[in-house]
Number of protein chains: 2
Amino acid sequence: MCYHNANRKNGVRFMEGGAEKVIVALDAMGGDNAPQEVVKGGVMALEESKDIYLKVCGTEEAVRRELAQYTYDESRLEVVGCTEVIATDEHPVNAIRKKKDSSLVVCMNMVRKGEADALVTAGNSGAVLAGGQIVVGRLKGVERTPFSPLIPTTKGMSLLLDAGANVDAKPSWLVQFAKMGSIYMENIVGVKNPRVGLVNIGAEEEKGNQLVKETMPLLKECKNINFIGSVEARDIPFGAADVIVCDAFVGNVILKMYEGVGGALFSEIKTGLMSSLRSKIGGLLIKPALKQTVKKFSTEEFGGAPLLGCKGLVVKTHGSSKSKEIKNSILQCVQFKQQGISEKIQANLKEEEA
Amino acid sequence: MCYHNANRKNGVRFMEGGAEKVIVALDAMGGDNAPQEVVKGGVMALEESKDIYLKVCGTEEAVRRELAQYTYDESRLEVVGCTEVIATDEHPVNAIRKKKDSSLVVCMNMVRKGEADALVTAGNSGAVLAGGQIVVGRLKGVERTPFSPLIPTTKGMSLLLDAGANVDAKPSWLVQFAKMGSIYMENIVGVKNPRVGLVNIGAEEEKGNQLVKETMPLLKECKNINFIGSVEARDIPFGAADVIVCDAFVGNVILKMYEGVGGALFSEIKTGLMSSLRSKIGGLLIKPALKQTVKKFSTEEFGGAPLLGCKGLVVKTHGSSKSKEIKNSILQCVQFKQQGISEKIQANLKEEEA
C-alpha cells in the first residue's frame, strides 16, 4: 500500500484507500534513554499498527542517526527538526516558556494546532503537566487536566486521578476528574460502568477533610457516573474502585507509595532470601514466579499515562521508559483517537451543564 | 516484695521501698479480641516489668472472669468496674460524649485526673482520637495531638505524624508535630538528632500545596529540630527521614498504603508461587524467611502508637491486637513516663515561645 498522497485535515490524515491515520508527535529527546529507545519505540509502533503516522521531533542529526539503523515505512514517518531540549531537572514552567524550539514544546504546538492528534513524551514531568495546560490547552469547559496513570490492583487495574500538579483542588475539579476517568476506563480499558471512589480516611459519612466533605454530595448527585462513595487507601491496591478520585497531592502520595512500599518490600524479601541455605535454594526456584509478580504489580507496567481533558491527547511515559513502553504509549493513542475520548468528554461535560 | 501499702500522688504510686510505679489504665473492653487478649496482655506486662501498676477497666464480671485464669502480682493490679462499652463502629464523638461510664472514657478520665499516667486501648480509633483531645486534654501550648505510629523502613523505622484526625491542618500544627516527633524518636526510639522531613510531591523548592509551602519556611527556622526538607512518599519506606511530618489526611493515606500495598503484594506473591511445581517447592523452602519479612515490614509490628501532646499518655493499639501487642504497648508507657516525654514536650514548646 502507498500512503504518499496523504492529505491532512483537522489532525486526521486521510490516506489513499480512505484509511484514516492517527498522527502522533513523538518527543524524541525526552527521558533517560532518549533518543535511542524513543526512536526505536517509534519504529516498533509503526511496524505494529498501520493506523499510525509518526512525527518524530528532535535535533535533526540525532533523530536521523537513530533512524538510520532501522527499516520502516518511510511514508508514515517524518522528522520534525528542533534546536532545543528540556532537561529532566529544569524548572518546568520556565522551560516551557523559554524553550520555544524544544522538542517537547514543538510537539505540544503541533497538537494545539491540530497538526498532530497526540503527543508521547518521556520527558520532564513537570514541564509536561504545565505545558499540557499552558501550551496544548484544555478542552472547553474543562477546569483542570488531571494526570491519570493506571495503577495495578489484585483485580487488574484502576485509574488514579489526579496524580499530577493540580494541588489545592476545588470540588468541581474532582467532579470532572470522576467523569473523565469514567469515560477513559469504559472506552479505553473496557470496564463497564466503572465504579468511582473518592479517596477518604474512613468510610463514615462525616469523615474527611474540607475538600472531601464538599465533593461527596456533588459526586452523589452526579449523573453518568457510578459513584460508590469513600475509598480508603488500604483498599485501593485490592481494586476497591475502578476510578480513584483525589486531589493531586494525595494522588501523588498514593502513586509513590506504590513504588516505595513495593520497592522496599522486594528489597527486604531479597535480603530475607539470602538469610539461609534453605531460603537461598527456594529463592532460586521461585525467581521466575517472583519476577512475574514484580512485573505485574509495577506502576510501570501500563505504559504511558494521559493528561485527560487536553485539546488532543498528551501521554507521559516514565522517564526511564525503554522502547517497549514508548511503543505501547503510541499504540494507546490510536485507541484514544478512534474511541473519540475527547469528544465524549466534551459531550459529557456539556450534558451536565444543560 | 509487697506493694500493698502504696500511696498515690500525682499519678505516681510510691511503693514500699521507694519504687515508683507507672500507673497504666487498660481499656479491657476495646478491640476485636477484648476482653480475653487484652487482659492476658495486661497480666503478661505485669509479669515482665515490676515498674507497672495496672488499672484494668471493664465490666467487672468480664474482667474478673478473665483474670481468674492467671496468677499475677495482685498488689499491682486493680479492677475498675464500669457499665458501658464503646463499639468499634459507633460514632466516635457521640460515643465519647454519651457513654460516660464506658471503659474508654473511664480510662481517659483517670489519666485526666492524674489517677493514671497512661492509658492503653485497642478500641474505636475515632473515639480514642477525639477523646484524647476532648476528655484527656492537651498539654498547655499544644494545638493538636497527632496520632503517631512507627512505620517500618528498610533502615529500621520512622515516626509518622499525623496519621490521626487533624485534617485541614495549619502550618503551626505541623511545626509542633515536628518538635514532638523529634523528642519521641530521640528519647523513646533512641535515634540521635532525628532527621525531620515534610511530606511533599517533589524535591524542588516551589513544589507542594498551600499548607506545605507555608510550613516549609517555618520548619527551616525552627531550632531544636534537624529539618532536612521535603520527603517524597516514594522514599519513606526506604527511611528517608526519621520523623515524617504531614497533615492527617496524607498521613492516613501513607499508613494505609503500607497496609494495602504490602497486603496486596503478598497475596499476589502467594498466587504466583502456586503457578508451577517449581515455584510451589521454592515457596515451601522460603516460607520461614518470607514470613519473617512480612512480620518485619508490617505496621503492626511496633505495638501501639501514641497520641502525642496529651496530658498524660494515650496509646492506641490495633483493633486486632493480641496479647503480645497489648503487653508491648503497656511496657512502652514505662519508657514514656521515665523519659519524661510530656515534660520535654512542654519545655520545648515553651522554649520556642520565649
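This text goes with the structure placed above it.
Residues numbered from 1 in each chain as written. Chains lettered and ligands numbered in written order. Predicted model: local features only at pLDDT ≥ 70, side-chain atom pairs only at ≥ 80, totals over all residues. Heavy atoms only, no water.

Enquirer: I'd like a description of the packing of helix H6 (residues 171-189) of chain A against helix H7 (residues 210-221) of chain A, backed by residues and values.
Expert: Residue and element names in this part refer to chain A. Running from N to C, H6 and H7 point in directions that differ by 50°, and their axes come no closer than 9 Å. Between H6 and H7, the angle falls in the class oblique. As for the relative orientation of H6 and H7, their crossing is right-handed in sense. The segment H6 lies against H7, with Pro171, Leu174, Val175 and Ala178 engaging Leu211, Glu214, Thr215, Leu218 and Leu219. Residue composition of the contact of H6 with H7, grouped by class: seven nonpolar, one polar and one charged. (Axes fitted to C-alpha atoms, helices over the stretch in contact; angles between N-to-C directions. Helix = DSSP H or I, 4+ residues; strand = E, 2+ residues; numbered from the N terminus. Parallel < 35°, antiparallel > 145°, perpendicular 65-115°, else oblique. Left-handed = near helix turned anticlockwise from the far one by under 90°. Contact = heavy atoms within 4.5 Å. Nonpolar A, V, L, I, M, F, W, Y, C, P; charged D, E, K, R; others polar.)

Enquirer: Break down the interface of chain A and chain B for me, citing the residues and quoting the values.
Expert: Contact with chain A, which involves 55 residues of that partner, is made by 55 residues of chain B. Of the roughly 4,900 Å² buried between chain A and chain B on both sides combined, carbon and sulfur atoms contribute 74%. Looking at the side of chain A facing chain B, the largest losses of area belong to Ile201, Phe249 and Glu268 of chain A, adding up to 14% of the total buried there. The salt bridge involving Glu232 of chain B is made with Lys256 of chain A; its shortest N-O contact spans 2.3 Å. The interface formed by chain A and chain B holds 10 residue pairs in polar contact (both at pLDDT 80 or more) in total. Of all the secondary structure elements, the ones that give two or more residues to the side of chain A that touches chain B are strand E9 (195-200), H7, helix H8 (248-273) and helix H9 (277-296) of chain A. (Buried area = accessible area lost by both parts, 1.4 Å probe. Salt bridge = Lys/Arg side-chain N within 4 Å of Asp/Glu carboxyl O. Polar contact = N/O pair within 3.5 Å; in protein donor to acceptor, adjacent residues only side chain to side chain.)

Enquirer: Hey, could you go over the state of the cysteines for me, with residue numbers and the actual values?
Expert: Inspection of every chain in the model, using the stated rule, returns zero disulfides over all chains. Here Cys246 of chain B is not cross-linked by a disulfide; its sulfur's nearest cysteine counterpart is in Cys246 of chain A, at 15 Å. Using a relative accessible area of 4% as the deciding quantity, one classes Cys246 of chain B as buried. Cys333 of chain B takes part in no disulfide bond, and the closest cysteine sulfur, belonging to Cys107 of chain B, lies 11 Å away. On the basis of relative accessible area, Cys333 of chain B is assigned to the buried category, the value being 1%. (Disulfide = S-S within 2.5 Å. Buried < 20%, exposed > 50% of the residue type's maximum accessible area, 1.4 Å probe, protein only.)

Enquirer: Pulling in residues and values, what's your account of helix H10 (residues 323-338) of chain B?
Expert: All names here are of chain B. Counted at 1.5 Å a residue, the expected span for H10 with its 16 residues is 22 Å, and the 23 Å between its end C-alpha atoms agrees. Among all positions in H10, only Ser323, Glu325, Ile326, Lys327, Ser329, Ile330, Leu331, Gln332, Cys333, Val334 and Phe336 are buried. Downstream of H10 by a residue or two, Gly340 has a phi angle that is positive, lying close to 60°. (Expected span 1.5 Å × (residues − 1).)

Enquirer: Can you lay out unusual backbone geometry for me, pointing to particular residues and giving the numbers?
Expert: Cis geometry marks the peptide bond from Ala34 of chain B to Pro35 of chain B, where omega comes out at -5°. Structurally, the position occupied by Pro35 of chain B is in the loop between strand E3 (20-27) and helix H1 (36-48). For the peptide bond that leads from Leu161 of chain B to Asp162 of chain B, omega is 15°, which places it in the cis range. The backbone phi angle of Asn193 of chain A is positive, close to 50°, even though this residue is not glycine. In this fold, Asn193 of chain A is placed in the loop between H6 and E9. What makes Asn193 of chain A exposed here is its relative accessible area of 52%.

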